[in-house]
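# Inside the fold
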Amino acid sequence: MKKKRTLLWILIAIGLYSLSRGVWYNYQSLWLQDNGFSVSTISMLETLSSLGMVSASIIFFNHITKKRLKNFIVILLFLKLFILTTLFIANGSGSDTFIKILILYDNIINTEILVSFYPLLTLFKKDDKLYGKKGLIDSTMYDIGVMLGCFFLGKNILLFDMNFNMFLLLSLLIVFVSFIIIKDTTIDNIDEDNVPITSELFKFIKNDKLTKLYFNYLFWGQISYYIVCGLKVLLLTNVIGLSVGITSTYIMIISIVSDIVGIIILKKLTLKNNYLNLLIKFGGRTLLYLLAFLIPNNLTCIIALSYALLFSNSYSHVTDAPYTNRIDDDCQLAFSNVKNMVSYTAKAIGVFICGLGFTIGIRYTFLMAFILVLTQMIIAMRCNYLLKEKQS
């Protein structure tokens, strides 16, 4: 009973942290624009953040053991509170270099916190359903944060104008609550583990064909996704020409529908044939990306973007959980960090190409995304085939 209660409190802390992310990160690019940053600078910051995340993963993944994991997350949350407070004060100051450094550190710490949450959960329970549940809590609470921003943007609440900097303050307060919950959570009876697990993990990855193929799936898939969705707010406002209010409403609606679809799929509509599940997730995306390239206009662009966002939170219990849960508990954080390195290297490439699309033409980013998501779908089906072989 105590273990279930602790697990519940950790899930609540994850939900609150995701809520804070929705309040802040959905509007971070617009906050930066308000502080005089161009689209190309924002794109470059995203790319550098992703590369910084890779470097952070290299530093951390061989030194954080199961016993140190909770304290590691507490330290990261404390650092995030400090950075968000400083950014709130620095708003409108014109300190461009200082703000760039803070944004880079904020993005890196945010990712490391997200990467560390699931390994913390596996100290109590590890299965594909929990992986999917954690992902849905994460995405649903993030979307509620986006929804709060949409409702409050431009309004006057208790004599405060709800602008992007006030969203930053609100995010800071929510992170503080998450910090308190994690700090006060007691985790008992954790076996000692050996710190130097790098060689064992990399030996496993090197000799395991399925894991190597999964990392290929992850790499090409992340590039294809972020080529289209990496700067979605700026795409909708600067290219398609939607207002900030309409853009926020659109993201709120598509996010809520995405969460509902994800819950229904997880509970009721996961087909027994995983090849069909993969076809639903990636097949439609492939065709719509091709359509957006062949018939480039605002409508096809929005349809393709919407489909990618709609299924972004679905089927993680099929496409990711089985490969993550094959890894021994002692190596979970290290494996998550290796995944993080692969994922954010790919994200850096994807966001960089997405930023180029604002110059060379969005249709060409859809062409590249089409080629890569087709590659991803083929690799995902091969992964599923090998996984079935190992389980039989």
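For the structure, see preceding data.
So, a few notes on the structure that sits alongside this text. Given the structure is predicted, the values throughout are model-derived calculations rather than measurements. (Residues numbered from 1 in each chain as written. Predicted model: local features only at pLDDT ≥ 70, side-chain atom pairs only at ≥ 80, totals over all residues. Heavy atoms only, no water.)

## What to know about the environment of G284
Tracing the backbone through its elements, the reader meets G284 in helix 12 (residues 274-294). Note on G284: relative accessible area 19%, which makes it buried. Linking G284 and Y307, residues 23 residues apart in sequence, is a C-alpha distance of 7.5 Å. Excluding anything up to four places from it in sequence, G284 contacts L279 and Y307. (Helix = DSSP H or I, 4+ residues; strand = E, 2+ residues; numbered from the N terminus. Buried < 20%, exposed > 50% of the residue type's maximum accessible area, 1.4 Å probe, protein only. Contact = heavy atoms within 4.5 Å.)

## What about the packing of aromatic side chains?
Taken as a whole and judged by the stated rule, the model has 16 aromatic pairs. With a centroid separation of 5.9 Å and an interplanar angle of 20°, the aromatic rings of Y27 and F164 are classed as stacked. Taken together, the positions of Y27 in the loop between helix 1 (2-24) and helix 2 (28-34) and F164 in helix 7 (residues 164-184) put the pair 137 residues apart, joining distant regions of the chain. Summarising the burial analysis for this pair, Y27 and F164 share the class buried. Centre to centre, the rings of Y307 and F311 are 4.8 Å apart; their planes meet at 45°, and the pair counts as tilted. Overall, F311 belongs to the buried group, its relative accessible area being 11%. The structure contains a cluster of three or more aromatic residues connected by ring pairs, namely Y214, F215, Y217 and F282. Between R363 and the ring centre of F293, over which it is positioned, the NZ or CZ distance is 4.7 Å. Geometry around Y364 places R363 over its ring, the cationic atom sitting 5.5 Å from the centre. (Phe/Tyr/Trp six-rings, centres within 6.5 Å; stacked < 30°, edge-to-face > 60°. Lys NZ or Arg CZ within 6 Å of the ring centre and 35° of its normal.)

## A few points about the side chain of Q376
Its place among the elements puts Q376 in helix 17 (residues 362-391). What makes Q376 buried here is its relative accessible area of 5%. Ignoring anything within four residues of it in the chain, the contact list for Q376 reads Y217, G221, S224, F282 and R285.

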